[in-house]
Amino acid sequence: MDFENTLAFAQLLDEADVLKDFRNEFLFPTQEGKPVRYFCGNSLGLQPVSARAALESQLDNWQQHAVEGWFDGHQPWMFYHKELKRLMAPVVGALPAEVCPMNTLTVNLHLLLVSFYRPDLKRFKIIMEAGAFPSDQYALESQVRFHGLDPADCIIEVSPRPGEYLLRTEDILDAINYHRNELALVLFGGINYYSGQLYDMKQITQAGHSVGALVGFDLAHAAGNVPLSLHDWGADFACWCSYKYQNAGPGGISGIFVHEKHFSNRDLKRFAGWWGYQENTRFLMQKGFVPEAGADGWQVSCTQVMPMSLYHASLLQFERAGFMPALREKSLKLTAYLYWIINEVNRSHGSVLFEIITPQAPEWRGAQLSIIAKARGKEVFDGLVERQILGDWREPNVIRLSPVPLYNSFEDVFILGQAFTENSGKLFVS
Ligand SMILES: *Cc1c(COP(=O)(O)O)cnc(C)c1O
């Protein structure tokens, strides 16, 4: 598509946007009384208008039914997670039985590693991306130590080549092959939080399996952002948070995926709790843990109804929007427009002030673009903030911007571009 750097053009795109009405279903923060142009959906999604009523309805349930709420009321808490499973499955490309909402993300990563990182004398290595989100690094490091092993011997990090920002798929596959005999697990992000690179999860899964390793994904930046096919790819497990692209609020409930091929394996080790116990006999309170079938068997504590009600409200929006195919279609355009506009700023200035490190190929990125400011980055960023534009700043020089298809408009992107142009006009006299 040929883009134009005008307000009229941006507004034309907005008028043609079939998802445009969803913007009115979100609450935008304000600064100095003015609504913020929000580009931080990669960090914390905006509040859906429906969130408050969803939470209040569960507060009402609690008020009205108290302990009976587990089995009474319009959404008995005992079975509430099943409604979320139904809605989560299409977001990540899974069967409802393969997913379950529970806990928070890093906690779930640990619980899944207990089951799927089982090092022995022969296979003990984990391959992950260098520069993964710190929580994942700490989780893996501590899991390795928990098994009495040394992270230096066990954790293999794949890095971009010198002078490059992105990982080449061939380098990931080579690393998997190189460590083939000792590889226990490949644990990758879906999208890297820093660069915005979307990894080839299908190929990574195939490569891991071809050498006899298990393969899992942390989908914090991918779930609700790009279409996923966890079931078809055959990934062994995955987890994600709901507060980034899924708008379920700070500290929101996390989701897990366990592929159905593991359901019949009753020998899988796990850290159990009563809520993972077989549902129909759970309240017999018997000795000896018997897991519920499917992902539900990884639950530990009772259903966190309040945060789940927020995730539920958000997932209902995803459902009405047509889930990932519809969101992806708009997202591709929105981010392409941002990509083009940033390069317009460079072109009009006559040199590259802002280098986009996120892949240029749309199929290898989600909503987010990560932009390196060649100079005076913090001042450029502060100039955005002065204009009520909220992005995300990473020291020493990276600005991350994520136009989100459910609530961002093409006009947002145009205004953002204007701010970049004005700012750099002042800061960098050509
Ligand atoms: C955001 C993010 C987390 C955050 O973990 P919490 O347990 O929810 O605090 C972890 N891993 C990745 C890759 C993330 O992007």
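Residues numbered from 1 in each chain as written. Predicted model: local features only at pLDDT ≥ 70, side-chain atom pairs only at ≥ 80, totals over all residues. Heavy atoms only, no water.

Draft legend 1. Molecular detail of the domain arrangement of the protein. Its domain assignment divides the protein into domain 1 (7-35 + 323-428) and domain 2 (53-320). The C-alpha centroid of domain 2 is placed 30 Å from the C-alpha centroid of domain 1. Between domain 1 and domain 2, the residue contacts involve 26 residues of the former and 26 residues of the latter. Both faces considered, domain 1 and domain 2 share a buried interface measuring about 2400 Å² in area, 62% of it formed by carbon and sulfur atoms. (Domains from an automatic or database assignment. Contact = heavy atoms within 4.5 Å. Buried area = accessible area lost by both parts, 1.4 Å probe.)

Draft legend 2. Geometry of the site of the ligand. Inspection of the region around the ligand gives Leu105, Thr106, Phe133, Asp136, Asp218, Ala220, His221, Tyr243 and Lys244 as its neighbouring residues. The contact in question runs from a nitrogen atom of the ligand to an N or O atom on the side chain of aspartate 136, over 2.6 Å. Between the ligand and tyrosine 243 there is a distance of 2.5 Å, counted from an oxygen atom to a side-chain nitrogen or oxygen. Grouping the amino acids of the shell around the ligand by side-chain chemistry returns 4 nonpolar, 2 polar and 3 charged. (Near = heavy atom within 4 Å. Polar contact = N/O pair within 3.5 Å; in protein donor to acceptor, adjacent residues only side chain to side chain. Nonpolar A, V, L, I, M, F, W, Y, C, P; charged D, E, K, R; others polar.)

Draft legend 3. Fine view of the packing of aromatic side chains. Applying the stated criterion across every chain, the model contains 25 aromatic pairs. With a centroid separation of 6.1 Å and an interplanar angle of 85 degrees, the aromatic rings of tryptophan 275 and phenylalanine 283 are classed as edge-to-face. Judged by relative accessible area, tryptophan 275 falls into the buried class, the value being 1%. Ring geometry for phenylalanine 354 against phenylalanine 420: centres 4.9 Å apart, planes inclined by 90 degrees, an arrangement best described as edge-to-face. Within this pair, whereas phenylalanine 354 is found in strand β13 (residues 354-356), its partner phenylalanine 420 is found in helix α13 (residues 410-427), the two being separated by 66 residues in sequence. (Phe/Tyr/Trp six-rings, centres within 6.5 Å; stacked < 30°, edge-to-face > 60°. Buried < 20%, exposed > 50% of the residue type's maximum accessible area, 1.4 Å probe, protein only. Helix = DSSP H or I, 4+ residues; strand = E, 2+ residues; numbered from the N terminus.)

Draft legend 4. Examining the sheet that holds strand β14 (residues 369-373) more closely. Spatially, 4 strands are ordered β13-β14-β17-β16 in an open sheet, and the strand pairing comes out antiparallel. For this open sheet the edge positions go to β13 and β16 (392-394), each flanked by a neighbour on one side alone. Within the sheet, the average angular offset between the axes of one strand and its neighbour, ignoring direction, is 30 degrees. In this sheet, β14 lies alongside β13 in antiparallel orientation, the contact comprising 3 bridges. Directly across from phenylalanine 354, in β14, lies its bridge partner alanine 373. Along the sheet face, helix α12 (residues 377-386) touches β13, β14, β16 and β17 (398-401) and points at about 165 degrees away from the line of β16. (Pairing = 2+ DSSP bridges. Axes fitted to C-alpha atoms, helices over the stretch in contact; angles between N-to-C directions.)

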